[in-house]
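Each chain, written out:
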Amino acid sequence: MSKTFYAILSFLLILSGVLTVGAQNFGGGVREFEFETFENQNPPSTQSYIHTRQSKEIEVNAILRDSAGIRVSDYRGFNREKCVTCHDGIRTVSSSHPVSFGCTVCHGGDGESLNPDQAHSTLIYDPKAGTGKRNPSSLTVAQKSCGQFGCHSGHSREEKNHIQRVNKSLMATLAGMISGLRFQWSAQKLKTAQYGTRTIQDNDGVIPSAWGALRQLDALPFFFPKASEIPGSVVSPTRSGTVKSHIADDLLRKKCFQCHIDSPPALGEYRSQGCAACHFTYDQNGYYRGKDPTISRFDPGHSRFHTMTALPPDSTCLKCHKAFSLNQGNDASSNNEPGRGKVQPDVHMDMGFGCIDCHTQFDIMGDGNLYSKQHQAVEIRCETCHGDGSTFPSVAQVTDPEDRVLRVSQYYNGWTNSLGDWMVVSARNNKMSNVKVEDGEIITLSKQTGEWFKTPLVRESPEAHSIPQHQKKLECTACHSQWVPVCSGCHATFDQSNPSPNSSKTESENRWKFSDYGVDAAKPALMIGPRGKAAPMFVQPKRTLSVVDERGIPITILDSKGDSIGYYKNWEFTNPHGYSGAKLAYALNPHSVSSEVRSCASCHLSPQTLGFGEGDLMIGKISTGRDDRMESLKRSHLIGKKSEVASDSTVTPRGEPLAGISQPKVRPFNQEEINRILKVGNCIPCHESYEDPIYQNIEKSYAFEKTLDHRNLRSSILGTP
């Protein structure tokens, strides 16, 4: 078509409001057009895109000065690239990846061709990712793009080798999620992770086993419900079909893997995979808002702009960590029940902190080790920034010009670190990049806004942290957490009468059926956490699983060589330690911290906090607790004779565990601890303050309690004989 035709058509489109003239990002003689955005609207079903074919070029002359002067053009061999002839107006992806990098160093392709098929024939992408050819950062292919030698791989400093670290991170392996579910469902006998999303080994020669690090993970097995579906199988079929592996593996792949960093997002949600999962942002409706005329503005699934962010916003984190969305002011319950309202947000988030202001690069992207559980992979503690009752936070001075905290702070908003700065260090002796000493005070700076906050120190408020037993036996979050998330809707049904998920049937005809997902909030119960201190307990509704055959009859889903004991029928199944695999108890930091603390009575006089569930605790005369009993509020399982205890209890008054726990070293309170906690409850009616001197030496106070002087003092105060 002639240039006159383009000019007339463009003019008419501008008059009709469909096109607006926009500025160009790359310069050069091609006028660029930008379509209107459609915020919260249904876009038109079709739209034509117009751009000229006048050749434009980028000179690829960048040098990686941080990598021995490597020339970017050496990676693909193109000194000039013509990609922007068609992709005219596309944004420069980031300041650290300027125009002079070109396009092919990351995306691959033929940078000299103007033929789309030839130009795109060697693009780097994962065909299984479901995002077309636009993402070269999926972990399956990232070694060809982000992970090329000298880019984010191949450095002598481990912290620069992002690709190796991310591949070993829990976001990539899902080892914690996999080992937790498999242990609860008796698919494995050990709590330690054996499997990941794929086979991976740690070959760097450093395996800190004291932190829980592992040497390798095997790929998660596949589940085959019928022998006929196992290629070359020699497994003999039984009454309702046999399995090659465990049904937990199928559930993990069908449902849980949607939060794997390299997986497609859940239906109706939008994010990318691999590195781009965190470093590219998406509109809620998945529409592209940029100016590249070759990218549809109306087909969902594109990032908002062709722009990388070094500092992911909280909204990116919450695409997977959904339970913590309660901190964003969302309702604690989807039901409009009286008094349910909104939860009080975490004090850090309420002040303006982002997720990345507390969690370090090593917390999020991994530290180069393979771990089984989340608590093993996280290096920050409350004490990292706030210290404790006897010590201030540890600090270290920046003396190396190549120090990581100098490099990463270049991407922070409005400030950078300098040689000579004193930085707070984490539990693993790594310098925090945004917590430092200024004018004799410890301050925390926001990486995204530049705002700074004075960090309160525990040692400067001794009256609130003076109880010796609390300092030795409690995590900070045991008193300071206001609520824990309760994730409802986890009943799953596996129906063998439905077609195979590998067939051409729709998702609604899948064997798996799930109840609706929802998030509520509850008062924190407590248990012994992985570091041997009392911590908030993640108590959930019972996890029910029903496995039925073609006649709707519950069936055993393991063959004769399986690990399980008992039937997977409704919720009555057990983990390898003999506790309920349907009830989950998990120690966590719920991200609901308040400067205020819970009352003494909320722990020492609360059966719910101890793990007994809701109800009334009847204390027997014998101090061992042998005669203690619970009158539970929830009695359906007692009435139906399905259980001797209520479904919301995780431990008996005698300290007998009732719930499955997949974390090593984590457990409910034992009987000795329960007795000790309840014994303090006798003192609370008169001594309800944290600052009360009787708690400074509780054994001495107990001895005084038995004396006649104490009895007379109590009588005079209470006015009793």
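Computed from a predicted structure; not experimentally measured.

J.: Looking at this model, I keep getting lost on the sheet that holds strand β8 (residues 200-201). Mind explaining?
T.: The sheet built from three strands is open, its strands ordered β7-β9-β8 with mixed pairing. Every interior strand has two partners, whereas the edge strands, β7 (195-196) and β8, have only one. Pairing geometry for β7 and strand β9 (residues 216-219), over two bridges, is parallel. Across the sheet, the residue bridging to glycine 196 is alanine 219, located in β9.

J.: I tried to follow a nonpolar patch on the surface on my own but got confused; where do I start?
T.: Taken together, the side chains of Phe704, Leu713, Ile717 and Leu718 make up a nonpolar region of the molecular surface, amounting to roughly 390 Å² of accessible area. No other element matches the three residues that helix α24 (residues 708-718) contributes to the nonpolar patch. Along the chain, leucine 713 turns up in helix α24.

J.: Please explain the state of the cysteines as it appears in this structure.
T.: Each disulfide consists of a covalent bond between the sulfur atoms of two cysteine residues. Scanning the model with the defined rule gives zero disulfides in all. No disulfide involves cysteine 86; its sulfur sits 9.0 Å from the nearest other cysteine sulfur, which is in cysteine 83. Under the relative-accessibility criterion, cysteine 86 is labelled buried at 15%.

J.: In this structure, what is going on with the nonpolar core? I would like to understand it.
T.: Within soluble globular proteins, side chains that are nonpolar tend to cluster in buried spots. Formed by 26 residues in total, the largest nonpolar core has its most connected members in Leu610, Phe612, Phe669, Ile674 and Tyr695. Elements represented by at least two residues in this core include exactly α18 (476-480), β19 (525-528), α22 (671-681) and α23 (698-705). Here leucine 610 is in contact with Leu526, Cys603, Val651, Phe669, Ile674, Ile677 and Leu678, once residues within four sequence places are set aside. With 17 residues, the next largest nonpolar core counts Leu174, Tyr195, Phe223 and Phe494 among its residues.

J.: It is not clear to me how the packing of aromatic side chains should be interpreted in this structure. Could you clarify?
T.: In this description, a pair of aromatic rings is defined by centroid distance and the angle of the planes. Under the defined criterion, the tally for this structure stands at two aromatic pairs. Relative to tryptophan 415, the ring of tyrosine 412 lies with its centre 5.1 Å away and its plane at 45°, an arrangement referred to as tilted. The two residues tyrosine 412 and tryptophan 415 agree in class, both being buried. The cationic tip of arginine 253 hangs over the ring face of phenylalanine 222; the distance from NZ or CZ to the ring centre is 3.7 Å. Residue placement shows lysine 679 over the ring face of tyrosine 702; its charged tip is 4.1 Å from the ring centre.

J.: How should the pattern of salt bridges be read in this particular structure?
T.: Close approach of charged atoms allows side chains of opposite charge to pair. For the coordinates displayed, the defined rule picks out 21 salt bridges. One salt bridge in this structure joins lysine 56 and aspartate 88, with 2.6 Å as the shortest N-O distance. Of this pair, lysine 56 sits in the loop between β2 (32-35) and β3 (58-59) while aspartate 88 is found in the loop between β6 (80-81) and α3 (104-107), placing the two residues 32 residues apart along the sequence. A residue is classified by how much of its surface remains accessible, and lysine 56, at 7% relative accessible area, is buried. Notably, a salt bridge pairs aspartate 400 with arginine 157, separated by 2.5 Å at the nearest N-O pair. Note that aspartate 400 is positioned in the loop between β10 (395-397) and α16 (404-408) and arginine 157 in the loop between α4 (116-120) and α5 (162-168), a separation of 243 residues in sequence. Residue classification places aspartate 400 among the partly exposed residues on the basis of a relative accessible area of 28%.

J.: Explain unusual backbone geometry here, please?
T.: Excluding glycine, a negative phi dihedral is what most residues carry, and trans is how most peptide bonds are arranged. Located in the positive-phi region is leucine 174, a residue other than glycine, with phi close to 55°. Among the structural elements, leucine 174 can be located in the loop between α6 (170-173) and α7 (175-184). On the basis of relative accessibility, which here comes to 6%, the residue leucine 174 falls in the buried class. Phi at asparagine 429 is positive, roughly 65°, even though this residue is not glycine. Checked against the element boundaries, asparagine 429 lands in the loop between β11 (422-425) and β12 (431-438).

J.: Explain the pairing of β12 here, please?
T.: Along any regular strand, the residues point their side chains to alternate faces of the sheet. Here β11 runs beside β12; their pairing, made up of two bridges, is antiparallel. Counterpart to methionine 423 in the pairing with β12 is lysine 436. Counting the residues that bridge the hairpin from β11 to β12 gives five residues, and of these asparagine 429 lies at a positive phi of roughly 65°. Turn length for the β12-strand β13 (residues 441-445) hairpin, with the two strands adjacent in sequence and antiparallel, is two residues, and the turn residue aspartate 439 shows positive phi of about 55°.

Parameters at a glance
Residues numbered from 1 in each chain as written. Predicted model: local features only at pLDDT ≥ 70, side-chain atom pairs only at ≥ 80, totals over all residues. Heavy atoms only, no water. Pairing = 2+ DSSP bridges. Helix = DSSP H or I, 4+ residues; strand = E, 2+ residues; numbered from the N terminus. Patch = residues over 30% accessible without salt bridge, like charges linked within 9 Å, V, L, I, M, F, W, Y side chains within 5 Å. Areas by Shrake-Rupley, 256 points an atom, 1.4 Å probe, with all protein chains shown as cover. Salt bridge = Lys/Arg side-chain N within 4 Å of Asp/Glu carboxyl O. Disulfide = S-S within 2.5 Å. Buried < 20%, exposed > 50% of the residue type's maximum accessible area, 1.4 Å probe, protein only. Core = buried A, V, L, I, M, F, W, Y, C linked by side-chain atoms within 4.5 Å. Contact = heavy atoms within 4.5 Å. Phe/Tyr/Trp six-rings, centres within 6.5 Å; stacked < 30°, edge-to-face > 60°. Lys NZ or Arg CZ within 6 Å of the ring centre and 35° of its normal.

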